Amino acid sequence: MTTATEQAWQLLEQVPDPEIPVVSIRELGILREVNESAGGELEVVITPTYNGCPAMDQIEHDVRALLQSHNLRARVVTRLAPAWTTDWITPEARTKLREFGIAPPGQSAASVVQFARRRAPAMGESVPCPHCGSHNTTETSHFGSTACKALYKCLDCLEPFDHFKPY
Amino acid sequence: MKAPVEYLLHLADNALILGQRNAEWTGHGPVLEEDIALANISLDLIGQARLLYQHAASILGNGATEDTLAYFRDSHEFRNHTLVELPHHGPLAGTAIADRDYATTIARNFLYSAFMLLLWEALQSSKDEQLAAIAAKSLKETRYHLRHARDWVIRLGDGTAESQRRMQAAFEHLLPYTQEFWTASPHEEQAVRDGTGVDTASIREAWEAEVDETLREATLVRPDAKGYVPRGKVGLHSEHLSYVLAEMQSLARQHPGATW
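Residues numbered from 1 in each chain as written. Chains lettered and ligands numbered in written order. Predicted model: local features only at pLDDT ≥ 70, side-chain atom pairs only at ≥ 80, totals over all residues.

1. Remarks on the overall build of chain B
No. 1: Scanning chain B from terminus to terminus reveals nine helices and zero strands.
No. 2: Counting from the amino terminus, chain B carries its helices and strands in the arrangement α-α-α-α-α-α-α-α-α.
No. 3: For chain B, whose C-alpha radius of gyration is 18 Å, the value lies close to the compact-globule estimate of 18 Å for 260 residues.
No. 4: Each principal axis of the C-alpha distribution contributes one length, and for chain B these read about 55 × 40 × 35 Å. (Helix = DSSP H or I, 4+ residues; strand = E, 2+ residues; numbered from the N terminus. Rg over C-alpha atoms; globule rule 2.2 N^0.38 Å.)

Following this line, the structure appears as structure tokens:
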């Protein structure tokens, strides 16, 4: 027999990220926990990526609506700690991002202060082009179409592309 | 343990007011990438402000929400640094909009994000667990803001004669306002005493080194920071904050409870 928690996990696997619908909120590491209280109510724990990410309200709404449509009573809790990191993005999701044309993030910096003091673009770290695989790429802007992405350009195939910033 | 509400409002108001100021560039950026960058930075700052207001509201109770704190307080109740409320132009500009100056925007973002990077880093060990969690998240965003601002300080400072002149003028205008970083307000003293806040004296040396190093690389001369010490964080603001609030709060005040 499937428990409500297991059923909820299976359903929530399918909730896409509103801004990058090629990956799910579980694959991005936004969906953290599903807990069941004694009263049978589910508690779904999500964590924000960026503080101002406008997709969070949408995600909360999508989670609640999906579970409700399957007669599961749930409340959605947002938890900040530990802070979300791109290291939680699954290997499958990284492949999907690349196939979608977004260069996936590398390892997030161990020391953020050390990171901040480095001269941009990130030294010693090339971001391979998701279209042709070339490492001959350059950052055109730290900031892109969403909070989590930077703008890059491939100097070989000349295509511009998004890079999911290590965070 | 909870941080003093006034301390949380100080942090939140800094983020909100600078977020609102930087958002003035949306649709008016000097180039498309910078337009997008400033909008992104604003989004981060307003996100930080929301978390801090939500936390303050939960301590205050009595119907306080993030919206009542952002939209229904007046100028003298705001606890932000004077630095973040100034318009995007130098002291002698004619009109605020016509003379909007990107060097001023960049110099302010540099001075503020260099300060906040160190403050957020230290606040990760605040005895207020929620504040520590907000600090850990905000720190990650602030490092991108600092990198962005520093790159432009160097690019404009070590650029053409005109870009260097304007970058230098921006620092001469803004650096005196940073004196406020180092004068403790009563709510900061209380937060330091109870272990929820950070004594800014402990991060000053690192901040000074960052400013010195960056200005040197940008071939700029570091001006003296002296003269009047602003006191925005105890509610004594410049005239500029009232104009920011008038624009930001008018919709919420004319249509209370409006949603879209």
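2. Observations concerning the overall build of chain A
No. 1: Assigned secondary structure in chain A consists of five helices and seven strands.
No. 2: N-terminal to C-terminal, the α/β element order of chain A is α-α-β-β-α-β-α-β-α-β-β-β.
No. 3: Expressed as a percentage of its 167 residues, the buried residues of chain A come to 35%.
No. 4: Considering only intrachain contacts with a sequence separation of at least 6, the fraction spanning at least 24 residues in chain A is 54%. (Buried ≥ 20, exposed ≤ 12 C-beta atoms within 10 Å, placed from the backbone. Contact = placed C-beta atoms within 7 Å.)

3. Brief notes about the environment of Trp-207 of chain B
All names here are of chain B.
No. 1: Inspection of the secondary structure assignment puts Trp-207 in helix α8 (residues 201-217).
No. 2: Overall, Trp-207 belongs to the buried group, with 20 C-beta atoms counted inside 10 Å.
No. 3: In the structure, Trp-207 is positioned 95 residues away from Tyr-112 in sequence and 10.0 Å away in space, judged by C-alpha atoms.
No. 4: Apart from residues no more than four positions distant in its own chain, Trp-207 is found in contact with Ala-114, Phe-115 and Leu-118.

4. A closer look at the sheet that holds strand β4 (residues 102-103) of chain A
All names here are of chain A.
No. 1: Spatially, four strands are ordered β4-β7-β6-β5 in an open sheet, and the strand pairing comes out mixed. Two strands in the sheet have a free side with no partner beyond their single neighbour: β4 and β5 (137-141).
No. 2: Here four bridges tie β5 to strand β6 (residues 149-154), and the two strands are oriented antiparallel to one another. Across the sheet, the residue bridging to Ser-141 is Leu-151, located in β6. (Pairing = 2+ DSSP bridges.)

5. Notes on the interface of chain A and chain B
No. 1: At the interface, 20 residues of chain A touch 26 residues of chain B.
No. 2: With four residues, the single largest contributor to the side of chain A that touches chain B is helix α5 (residues 112-117) of chain A.
No. 3: Among the residues making up the side of chain A that touches chain B, the classes are represented as 14 nonpolar, six polar and no charged. (Nonpolar A, V, L, I, M, F, W, Y, C, P; charged D, E, K, R; others polar.)

6. Quick look at the UniProt feature "domain: MIP18 family-like" (unreviewed entry) in chain A
No. 1: As recorded in UniProt, the feature "domain: MIP18 family-like" (unreviewed entry) lies at residues 6-68 of chain A.
No. 2: For residues 6-68 of chain A, helix accounts for 40% and strand for 17%, while the C-alpha atoms at its two ends are 15 Å apart. (UniProt positions renumbered as here; feature names shortened; annotations may be inferred.)

7. Some words on the packing of helix α1 (residues 5-23) of chain B against helix α2 (residues 32-60) of chain B
Residue and element names in this part refer to chain B.
No. 1: Two elements in contact, α1 and α2, have axes whose closest approach is 8 Å; the angle formed by their N-to-C orientations is 155°. In terms of orientation, α1 and α2 fall into the roughly antiparallel class. Helix-helix and strand crossings are classified by hand; for α1 and α2 the assignment is left-handed.
No. 2: When the residues that make up the contact of α1 with α2 are grouped by side-chain class, the tally is 20 nonpolar, five polar and no charged. (Axes fitted to C-alpha atoms, helices over the stretch in contact; angles between N-to-C directions. Parallel < 35°, antiparallel > 145°, perpendicular 65-115°, else oblique. Left-handed = near helix turned anticlockwise from the far one by under 90°.)

8. Details of the pairing of β6 of chain A
All names here are of chain A.
No. 1: With five of six residues buried, β6 lies mostly within the body of the structure.
No. 2: Relative to strand β7 (residues 160-164), β6 runs antiparallel, the two sharing five bridges. By the bridge assignment, Ala-150 is partnered in β7 with His-163.
No. 3: Connecting the antiparallel pair β6 and β7 is a turn made up of five residues, with Leu-158 showing a positive phi of about 70°.

9. Description of the sheet that holds strand β2 (residues 42-46) of chain A
Where strands meet in a sheet, backbone hydrogen bonds hold them as pairs that are either parallel or antiparallel.
Residues and elements named next belong to chain A.
No. 1: Read across the open sheet, the three strands follow the order β1-β2-β3; overall the sheet is mixed. Edge positions in the sheet fall to β1 (31-36) and β3 (74-78), since each of these pairs with one other strand and no more. Geometrically, the sheet is characterised by an average inter-axis angle of 20° between neighbouring strands, direction not taken into account.
No. 2: Of the strand pairs in this sheet, β1 and β2 are connected by five bridges, and their pairing is antiparallel. Along β2, the bridge assignment pairs Val-34 with Val-44.
No. 3: Against the sheet, helix α3 (residues 55-69) contacts β2 and β3, and its axis sits at roughly 160° relative to β3.

10. Thoughts on α2 of chain B
No. 1: Across its 29 residues, α2 of chain B extends 41 Å between first and last C-alpha, which sits within 8% of the 42 Å expected from 1.5 Å per residue.
No. 2: Looking at the residues trailing α2 of chain B, positive phi occurs at Gly-61 of chain B, about 60°. (Expected span 1.5 Å × (residues − 1).)

11. Observations regarding the domain arrangement of chain A
No. 1: When cut into domains, chain A gives domain 1 (4-78) and domain 2 (89-164).
No. 2: Taken together, the contact pairs 10 residues of domain 1 of chain A with 10 residues of domain 2 of chain A. (Domains from an automatic or database assignment.)

12. A word on unusual backbone geometry
No. 1: A cis geometry characterises the amide bond from Ala-81 of chain A onward to Pro-82 of chain A, with omega recorded as -5°.
No. 2: Mapped onto the fold, Pro-82 of chain A is located in the loop between β3 and α4 (91-100).
No. 3: Despite not being glycine, Asn-62 of chain B has its phi angle at roughly 55°, a positive value.
No. 4: Looking at the element boundaries, Asn-62 of chain B is found in the loop between α2 and α3 (66-71).
No. 5: Overall, the presence of 6 C-beta atoms within 10 Å leaves Asn-62 of chain B in the exposed class.

13. Focus: the environment of Pro-176 of chain B
Residue and element names in this part refer to chain B.
No. 1: With respect to the helices and strands, the residue Pro-176 is situated in the loop between α6 (161-174) and α7 (186-193).
No. 2: Of the residues examined, Pro-176 has 18 C-beta atoms within 10 Å and is grouped as partly exposed.
No. 3: Considered as a pair, Pro-176 and Pro-230 are 54 residues apart in the sequence and their alpha carbons are 8.7 Å apart.
No. 4: The contacts of Pro-176, once residues within four sequence positions are left out, are Ala-225, Lys-226 and Gly-227.

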